[in-house]
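Fold and contact review
Here is how the chains run, residue by residue.
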Amino acid sequence: SSRVLWTLAVTQLPNQIKKFAYAKSSQVRAIRKKMTDIITSHASKCDIQQLVSKFVHEIMGKEIEKSCNSIYPLQNVYIYRAKILKAPKMEQSKLMELHSADVTPVDEQGKKVATA
């Protein structure tokens, strides 16, 4: 499935006094290319649930930050938005399996408490 992800990265040099530092356009292009490569590799290897968990735990952001550090130091790399361009083909059995995993059986639910 085709996914589009928006990323945000703050450039800042070590021991910097100014609020922002701006990378050169060639550095920005190299950083964007490396971001795209990392995001594409992660998105192609896993399904949507695993991808969302990677967003929440900032796994891709940290990897982007480490790999782009040689180009220009980055801080606070976040993927802040994801959009699915083309819906994946879902099998009915797989969909039902996902939803049935969330529902707890009646026996495992708590007992009714009498109110006073």
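Residues numbered from 1 in each chain as written. Predicted model: local features only at pLDDT ≥ 70, side-chain atom pairs only at ≥ 80, totals over all residues. Heavy atoms only, no water.

Thoughts on the overall build of the chain
A count of helices and strands for the chain gives four helices and two strands. Mapped from its N terminus to its C terminus, the chain presents α and β elements in the order β-α-α-α-β-α. Put simply, the chain has 116 residues, and 19% of those count as buried. By sequence separation, contacts in the chain at least 24 residues apart represent 75% of the contacts at least 6 residues apart. Of the roughly 9,500 Å² of accessible surface on the chain, 55% is carried by carbon and sulfur atoms. (Helix = DSSP H or I, 4+ residues; strand = E, 2+ residues; numbered from the N terminus. Buried < 20%, exposed > 50% of the residue type's maximum accessible area, 1.4 Å probe, protein only. Contact = heavy atoms within 4.5 Å. Areas by Shrake-Rupley, 256 points an atom, 1.4 Å probe, with all protein chains shown as cover.)

What about the nonpolar core?
Formed by 15 residues in total, the largest nonpolar core has its most connected members in Ile31, Ile39, Leu51, Met60, Ile64, Cys68 and Leu74. Listing elements by their share of this core, those giving two or more residues are helix 1 (25-45), helix 3 (59-68) and strand 2 (74-84). Per-element accounting of this core gives the leading share, five residues, to helix 1. (Core = buried A, V, L, I, M, F, W, Y, C linked by side-chain atoms within 4.5 Å.)

So, the environment of Leu8
By the secondary structure assignment, Leu8 is in strand 1 (residues 3-11). Leu8 gets classed as partly exposed once you look at its relative accessible area, which sits at 44%. Between the alpha carbons of Leu8 and Asn76 there is a distance of 7.7 Å; along the sequence they are 68 residues apart. Beyond its immediate sequence surroundings of up to four residues, Leu8 is in contact with Asn76, Val77, Tyr78 and Tyr80.

Some points on the packing of helix 1 against helix 3
Contact geometry for helix 1 and helix 3: axes closest at 10 Å, N-to-C directions at 140 degrees. It follows from the interaxial angle that helix 1 and helix 3 lie oblique. Viewed along their axes, helix 1 and helix 3 form a crossing whose handedness is right-handed. Note on element contacts: helix 3 touches helix 1 through Met60, Glu63, Ile64, Ser67 and Cys68, opposite Ile31, Lys34, Met35, Ile38, Ile39 and His42. Considered class by class, the residues forming the contact of helix 1 with helix 3 number seven nonpolar, two polar and two charged. (Axes fitted to C-alpha atoms, helices over the stretch in contact; angles between N-to-C directions. Parallel < 35°, antiparallel > 145°, perpendicular 65-115°, else oblique. Left-handed = near helix turned anticlockwise from the far one by under 90°. Nonpolar A, V, L, I, M, F, W, Y, C, P; charged D, E, K, R; others polar.)

Details of helix 3
Listed in full, the buried residues belonging to helix 3 are Met60, Gly61, Ile64 and Cys68. Summarising the axial view, the buried residues of helix 3 lie within an arc of 100 degrees, below the 170-degree limit, and thus occupy one face. (Arc of directions from axis to C-beta.)

What about the confidence of the model for the chain?
Scored by pLDDT, the chain has a mean of 77; 76% of the residues are at 70 or more. Of all helices and strands in the chain, the one with the weakest mean pLDDT is strand 1 (68), whereas helix 3 scores best (89). (pLDDT = per-residue confidence, 0-100.)

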